Amino acid sequence: TMTSILKVDSIQNAAGTAAMAIDSSGRILQPAKPSFQVTKLGTNQSISSSVATKIEWTDVVTDIGGNFSTANNEYTVPVSGMYNLQCAMRGTGTAGTLDHVIVYLHIDGSLSRTLSQLNLALNQLNNSHVNGSVNIYLNAGQVVSFYGTVTGGSSQIGAGGGGAYTYCSGYLIG
């Protein structure tokens, strides 16, 4: 048997751009790997009851590659590959009138997946949270956005909580 051991601390492309680093504990770091995390801070987003509405993001926590637009509330895929996408949404409304809260993934402006749905059948709560994720192959240039539906009186997509209520993220798996 022949064993090969390659001892390197970093890998770069021919132009010298850092692609990968291996730290002293053996962890592989990829500083240019496309990824994002955004949150909804400030005030709740009022929406029409039962109408899927694009979630308006206010705070970019991380955006490696600069591909998330808060002006359009969209992420433009920079490179083709398998991505993990995730979204959590707080739905609020008048207590005793909430029926369901749903969060959706849209690709290029069209529904791609229902990430999560909670049916409450007119409960006595005044807010509910849903969270869902998917691994999906995306092509460079495709546009990702997240939508939400809240059914009940004074329907809103919840904000605040230091970004703990409504947020989304994504990253290139490979």
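From a predicted model like this one, the values you see are computed outputs, not experimental measurements. (Residues numbered from 1 in each chain as written. Predicted model: local features only at pLDDT ≥ 70, side-chain atom pairs only at ≥ 80, totals over all residues. Heavy atoms only, no water.)

Student: Residues and numbers for the pairing of strand 4 (residues 35-39), please.
Tutor: Burial within strand 4 is extensive, with four of its five residues counted as buried. With five bridges joining them, strand 4 and strand 7 (residues 59-64) adopt antiparallel strand pairing. Considered in strand 7, the bridge of Gln37 is made with Thr62. Bridge count for strand 4 against strand 16 (residues 167-172) is five bridges, and the pairing is antiparallel. The residue of strand 16 that forms the bridge with Gln37 is Ser169. (Buried < 20%, exposed > 50% of the residue type's maximum accessible area, 1.4 Å probe, protein only. Helix = DSSP H or I, 4+ residues; strand = E, 2+ residues; numbered from the N terminus. Pairing = 2+ DSSP bridges.)

Student: Outline the packing of aromatic side chains, supporting the account with residue identities and numerical values.
Tutor: Tallied over the entire structure, the rule returns two aromatic pairs. When the centroid spacing of 5.4 Å and the interplanar angle of 35° are considered together, the rings of Phe36 and Phe68 count as tilted. Separated by 32 residues along the polypeptide, Phe36 in strand 4 and Phe68 in strand 8 (residues 68-69) bring together distant segments of the chain. Judged on exposure class, the residue Phe36 and its partner Phe68 are both buried. Within the aromatic cluster, the residues linked to one another by ring pairs are Phe36, Phe68 and Tyr75. In this structure, Arg90 packs its charged tip against the face of Tyr165, placed 4.1 Å from the ring centre. (Phe/Tyr/Trp six-rings, centres within 6.5 Å; stacked < 30°, edge-to-face > 60°. Lys NZ or Arg CZ within 6 Å of the ring centre and 35° of its normal.)

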